[in-house]
Amino acid sequence: MSLLNFFRAKRPAASAAAARDRLQIVLAHERISRDGDDFLPRLQKELLEVIARYVSVDQNKAVVKLDRGDDVSTLEIEIELPMPSAEESRGTRVAL
Amino acid sequence: MSEVIVVTSGKGGVGKTTTSAAFATGLAMRGHKTVVVDFDVGLRNLDLIMGCERRVVFDIINVIQGEANLKQALIRDKRVENLSILPASQTRDKDALTQDGVEKILNELREMFDYIVCDSPAGIERGAQLALYFADQAIVVTNPEVSSVRDSDRILGVLASRSQRAEQGRTPVKEQLLLTRYDAGRVERGEMLKVEDVQDILAIPLLGIIPESQSVLSASNQGVPVILEEESTAGKAYSDAVGRFLGEDISHRFMVAEKKGLFSRLFRGAA
């Protein structure tokens, strides 16, 4: 092996896979911000409106999160529903 | 029905002008009336690549500003029938290019030609946006290299949102990928992005692969569109791409490195 290497010109390391992986990640992020107007606030508002028709919800206790992964992206919506009894402080969480 | 084709990339130096010249020449060689328009106002270069730099009298800005009519500004190619060039201005400011002016010229060109090839400037500013705004088809020129792929992705976003077709809600601009400066040997050694990787990332159909080739430089030195260097790999690859563009079924070549003999291996450095 060393003899073979001796006759071979020194080559740069194989780096194409790194190029591909880095591009996939950076473009996934850039495409989101490019597609522009951030739809999350609107989505949150509309979701709350729908849910508020059926149960009373606290506008401040809704969390909408978008997590861009390499393979899978998740949209996480968490709305805390107040218990019917007023003294109950712990809410029921509905995850969609 | 004539078609407006924009040759675009976002990044500079990837081969837009080389491609515009080769592609327009290829379309004309196949009998289609073709004009190639330089949109790079202030940095005119298509005339040099086409070898007609000494015949430029009027340019696109002269036409827009009414100082010359379109027929006066068009330069007919001396080698290929059916081929004309509309040069950009070298002296004017790029703001002289207006959307109304471009639209008027393109409408006039549509009456005269089957294909209008628009050589876009680099970047995503006004000049590049005007070059792609009226396009029916886009050839996205990309090198197998991270910054070029990223910029191509960006320009695809512009095509999808800010072209006239997008704004009017018509059928989107047809986008195709042309991968240039491809070195199959380096790809095999894992040093360069594979064509499949680039296609995967950009997610548009592949029009062609143009191998890295010495003849591109020598053709540009002489002002000859490289497609006329019929023996060169780049010339053949462009010719294939034009055929595919016109709907011919041609399989991709130059994806595999040529096997070198012992002799050329030993003397690689000297060659």
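Residues numbered from 1 in each chain as written. Chains lettered and ligands numbered in written order. Predicted model: local features only at pLDDT ≥ 70, side-chain atom pairs only at ≥ 80, totals over all residues. Heavy atoms only, no water.

What about the overall build of chain A?
Next, step 1: Looking only at helices and strands, one finds three helices and three strands in chain A.
Next, step 2: Traced from its N-terminal end to its C-terminal end, chain A shows the element sequence α-α-α-β-β-β.
Next, step 3: Within chain A, the proportion of its 96 residues that are buried is 15%.
Next, step 4: A separation of at least 24 residues holds for 30% of the contacts in chain A among residues at least 6 apart in sequence.
Next, step 5: Counting every atom, chain A has about 7,700 Å² of accessible surface; 55% of that belongs to carbon and sulfur. (Helix = DSSP H or I, 4+ residues; strand = E, 2+ residues; numbered from the N terminus. Buried < 20%, exposed > 50% of the residue type's maximum accessible area, 1.4 Å probe, protein only. Contact = heavy atoms within 4.5 Å. Areas by Shrake-Rupley, 256 points an atom, 1.4 Å probe, with all protein chains shown as cover.)

Thoughts on the nonpolar core
Residues and elements named next belong to chain B.
Next, step 1: Core analysis: the biggest nonpolar cluster contains 53 residues, and L86, L109 and I116 have the highest contact counts within it.
Next, step 2: Counting residues per element, this core draws most heavily on helix α7 (residues 146–162), at five residues.
Next, step 3: If we ignore the near neighbours within four places in the chain, the residues touching I116 are E3, V4, I5, V35, V37, L106, L109 and R110.
Next, step 4: If you look at the next biggest cluster of nonpolar residues, it comprises 35 residues, including F23, L46, C52 and L178. (Core = buried A, V, L, I, M, F, W, Y, C linked by side-chain atoms within 4.5 Å.)

Side note on the packing of aromatic side chains
Residues and elements named next belong to chain B.
Next, step 1: Under the defined criterion, the tally for this structure stands at three aromatic pairs over all chains.
Next, step 2: With 5.3 Å between their ring centres and 85° between their planes, F23 and F245 make a pair best called edge-to-face. Taken together, the positions of F23 in helix α1 (residues 16–29) and F245 in helix α12 (residues 233–245) put the pair 222 residues apart, joining distant regions of the chain. Taken individually, F23 and F245 each receive the classification buried, so the pair is uniform in this respect.
Next, step 3: Here Y133 and F134 contribute two aromatic rings whose centre-to-centre distance is 4.8 Å and whose plane-to-plane angle is 90°, an arrangement assigned as edge-to-face.
Next, step 4: With relative accessibility at 10%, the residue Y133 sits in the buried group. (Phe/Tyr/Trp six-rings, centres within 6.5 Å; stacked < 30°, edge-to-face > 60°.)

Structural notes on the pattern of salt bridges
Residue and element names in this part refer to chain B.
Next, step 1: What the rule picks out here adds up to 15 salt bridges over all chains.
Next, step 2: We note a salt bridge from R165 to D136, for which the minimum N-O separation is 2.9 Å. Highlighted residues: R165 in helix α8 (residues 164–167) and D136 in the loop between α6 (126–133) and β6 (137–142), separated in sequence by 29 residues. Just as R165 is buried, D136 falls in that class too.
Next, step 3: Put simply, R186 and E191 hold a salt bridge, and the shortest N to O gap is 2.8 Å.
Next, step 4: The exposure class assigned to E191 is buried, which follows from its relative accessible area of 13%. (Salt bridge = Lys/Arg side-chain N within 4 Å of Asp/Glu carboxyl O.)

Considering unusual backbone geometry
Residues and elements named next belong to chain B.
Next, step 1: Although it is not a glycine, R181 sits at a positive phi angle of roughly 60°.
Next, step 2: By relative accessible area, which is 41% here, R181 ends up partly exposed.
Next, step 3: Even without glycine at this site, A203 takes up a positive phi of about 55°.
Next, step 4: In this fold, A203 is placed in the loop between α10 (195–202) and β8 (206–211).

What about helix α5 (residues 99–112) of chain B?
Residues and elements named next belong to chain B.
Next, step 1: Here α5 is 14 residues long and its end C-alpha atoms lie 20 Å apart, about the 20 Å a rise of 1.5 Å per residue gives.
Next, step 2: Taken together, the buried positions of α5 are G101, V102, I105, L106 and L109. The arc that holds every buried residue of α5, seen down its axis, measures 125°, which confines them to one face. In this structure, α5 carries D100, K104 and E111 as exposed residues pointing more than 90 degrees from its buried face.
Next, step 3: Contacts made by the buried residues of α5 are with β2 (34–38), α3 (60–64), α4 (70–73), β4 (83–86), β5 (115–119) and α6. (Expected span 1.5 Å × (residues − 1). Arc of directions from axis to C-beta.)

Quick word on the sheet that holds β2 of chain B
All names here are of chain B.
Next, step 1: In space, the eight strands of this open sheet follow the order β3-β4-β2-β5-β1-β6-β7-β8, with mixed pairing throughout. Two strands bound the open sheet, and with one partner strand each, they are β3 (75–76) and β8.
Next, step 2: In this fold α1 packs onto β1 (3–8), β2, β4, β5, β6, β7 (174–182) and β8, with an angle of close to 170° to the strand it touches most, β5. (Pairing = 2+ DSSP bridges. Axes fitted to C-alpha atoms, helices over the stretch in contact; angles between N-to-C directions.)

Brief notes about a nonpolar patch on the surface
All names here are of chain A.
Next, step 1: Where nonpolar side chains cluster on the molecular surface, the patch consists of F39, L66 and L75 and spans about 230 Å² of accessible area.
Next, step 2: The topology assignment puts L75 in strand β2 (residues 73–81).
Next, step 3: On the basis of relative accessible area, L75 is assigned to the partly exposed category, the value being 39%. (Patch = residues over 30% accessible without salt bridge, like charges linked within 9 Å, V, L, I, M, F, W, Y side chains within 5 Å.)

Quick notes on α10 of chain B
Next, step 1: Among the residues of α10 of chain B, V195, D197, V198, I201 and L202 of chain B are the ones counted as buried. The arc that holds every buried residue of α10 of chain B, seen down its axis, measures 160°, which confines them to one face.
Next, step 2: The secondary structure elements touched by the buried residues of α10 of chain B are α2 (16–34) of chain A together with β6, α7, β7 and β8 of chain B.
Next, step 3: Looking one or two residues beyond α10 of chain B, the residue adopting positive phi is A203 of chain B, at roughly 55°.

Some remarks on the interface of chain B and chain A
Next, step 1: Tallying the contact residues gives 16 residues for chain B and 16 residues for chain A.
Next, step 2: Buried area between chain B and chain A, both sides added, is near 1,500 Å², and the carbon and sulfur share of it is 53%.
Next, step 3: Here chain B is connected to chain A by three salt bridges.
Next, step 4: D153 of chain B is paired through a salt bridge with R31 of chain A; the nearest N and O atoms lie 2.6 Å apart. (Buried area = accessible area lost by both parts, 1.4 Å probe.)

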